[in-house]
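Listed below are the residues making up each chain.
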Amino acid sequence: MIKFTYIYGPVSSWRLGASLGIDLLSGKEKVCSFNCVYCQLGKNGMACINRRNYVRAENVIEELNKLSDIHIDYYTFSGKGEPTLAKNIGKVAAWIKKNKKGKTALLTNSSTILYKRLWKELKDMDLIAFKLDAYSEEVFKRINKPVMGIKIKDIRKSLLKFRKTFKGKFAVQIMVLKENLDEIKEIRNFCEILKPDEIQLNTPLRPSGVQPVDKKTMTKVKKIFKGLPVISAYDIKKKKIKPINIKDTMKRRGKKL
Ligand code: SF4
């Protein structure tokens, strides 16, 4: 079986189809500016908001070059933490755009959108899904546990500005939990102003520290978003896709064999 260090999958993603994960952090512990209550990577790790190179872009590109000719809808920057903390994300994304058939996607917790210098690196992504689990600072701190100094109101302001410049598909991902049900309407009203191309309602269906909301609750939440382009994790049937290395892929997704 082929062993890769920086890439995993492809997995069948309800949001992206056949998605090949790219992890530019690739350490033992997660590296993130948040410590979300539902994080499937666990509670421990490095909490930071400073960007640096964690792995060499050349090594990631070498693995991408070794990939056999399998069908991939999206090359997705995800992995062990917040992908945009890796300073070389723009370099790897640019290489994929030039050399591969699939599209590029980024799943981000939105914290680094505060850095305007990152915008240039992200401008050619085909899709970016921005996390937005809270409206108030109180719920933001309770659910996402950001590193000190990050405020949800600043993230909202930056998202509104970035939205105007970004030409790819702009999505918002909301983890629906009992902890944010009381402010779903405020999140919805903000989305109405932000005008994302897609609003993805998720709930922790994989092993995590908190319980998912049930289908009935999700249906109610979805109704609140009526009139906006909304999809929910309960609506979509995933296709079966064979990963290049099942064991590695399952470990990264918080599953045991
Ligand atoms: S943003 Fe993602 S990686 Fe970071 S703590 Fe939250 S769920 Fe985990």
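Described below are features of the structure shown in this document.

Definitions and cut-offs
- Residues numbered from 1 in each chain as written.
- Predicted model: local features only at pLDDT ≥ 70, side-chain atom pairs only at ≥ 80, totals over all residues.
- Heavy atoms only, no water.
- Axes fitted to C-alpha atoms, helices over the stretch in contact; angles between N-to-C directions.
- Helix = DSSP H or I, 4+ residues; strand = E, 2+ residues; numbered from the N terminus.
- Parallel < 35°, antiparallel > 145°, perpendicular 65-115°, else oblique.
- Left-handed = near helix turned anticlockwise from the far one by under 90°.
- Contact = heavy atoms within 4.5 Å.
- Nonpolar A, V, L, I, M, F, W, Y, C, P; charged D, E, K, R; others polar.
- Buried < 20%, exposed > 50% of the residue type's maximum accessible area, 1.4 Å probe, protein only.
- Pairing = 2+ DSSP bridges.
- Phe/Tyr/Trp six-rings, centres within 6.5 Å; stacked < 30°, edge-to-face > 60°.
- Lys NZ or Arg CZ within 6 Å of the ring centre and 35° of its normal.
- Core = buried A, V, L, I, M, F, W, Y, C linked by side-chain atoms within 4.5 Å.
- Salt bridge = Lys/Arg side-chain N within 4 Å of Asp/Glu carboxyl O.

Okay, the packing of helix α1 (residues 57-66) against helix α2 (residues 89-99) next. At a minimum axis separation of 10 Å, α1 and α2 run at an interaxial angle of 25°. In this view, α1 runs roughly parallel relative to α2, as classed from their interaxial angle. Remark: the crossing between α1 and α2 carries right-handed chirality. Within the contact between the two elements, α1 uses A57, E58, V60, I61, L64 and N65 and α2 uses K91, V92, W95 and I96. For the contact of α1 with α2, the class distribution of residues is seven nonpolar, one polar and two charged.

Of the two faces of strand β5 (residues 74-77), the one lined by Y74 and T76 and the one lined by Y75 and F77 are each fully buried. The sheet contact formed by strand β2 (residues 17-22) and β5 spans four bridges and is parallel. When the sheet's bridge partners are listed, I22 is paired in β5 with F77. As paired elements, β5 and strand β6 (residues 103-108) share four bridges and run parallel to each other. Opposite Y74, over in β6, you have K103 as the bridge partner.

A separate point is the packing of aromatic side chains. Applying the stated criterion across every chain yields a total of seven aromatic pairs. Judged by centre distance (6.5 Å) and plane angle (40°), the ring pair of F162 and F170 falls under tilted. Of the two residues, F162 and F170, both sit in the buried class. Joined through ring pairs, the aromatic side chains of W119, F130, F162, F166 and F170 make up one cluster. The ring centre of Y115 lies 4.9 Å from the NZ or CZ of R117, which sits over that ring. Taking NZ or CZ as reference, R156 lies 3.9 Å from the ring centre of Y135, over its face.

Here we take up the environment of F77. When you line up the elements, F77 lands in strand β5. Along the primary structure F77 and D182 are separated by 105 residues, whereas in three dimensions their C-alpha atoms are 31 Å apart.

On to the nonpolar core. Residues L64, F77 and F225 are the most contacted members of the largest nonpolar core, which totals 73 residues. The contact partners of F77, leaving out residues within four places of it in the chain, are I22, L24, P83, I89, V92, A93, I96, A105, L106, L107 and M125. Among the nonpolar cores identified, the runner-up in size contains seven residues, and Y74, L107, L127 and A129 belong to it.

The final tally for this structure, using the stated rule, is twelve salt bridges. As a salt-bridge pair, K169 and E198 come within 3.3 Å of each other at their nearest N and O atoms. Of this pair, K169 sits in strand β8 (residues 169-175) while E198 sits in strand β9 (residues 198-202); the two residues are 29 residues apart in sequence, bridging distant segments of the chain. With relative accessibility at 30%, the residue K169 sits in the partly exposed group. Judged by relative accessible area, which is 12%, E198 ranks as buried. Residue K178 is joined to E179 by a salt bridge in which the shortest nitrogen-to-oxygen separation is 3.6 Å. With a relative accessible area of 64%, K178 lands in the exposed category.

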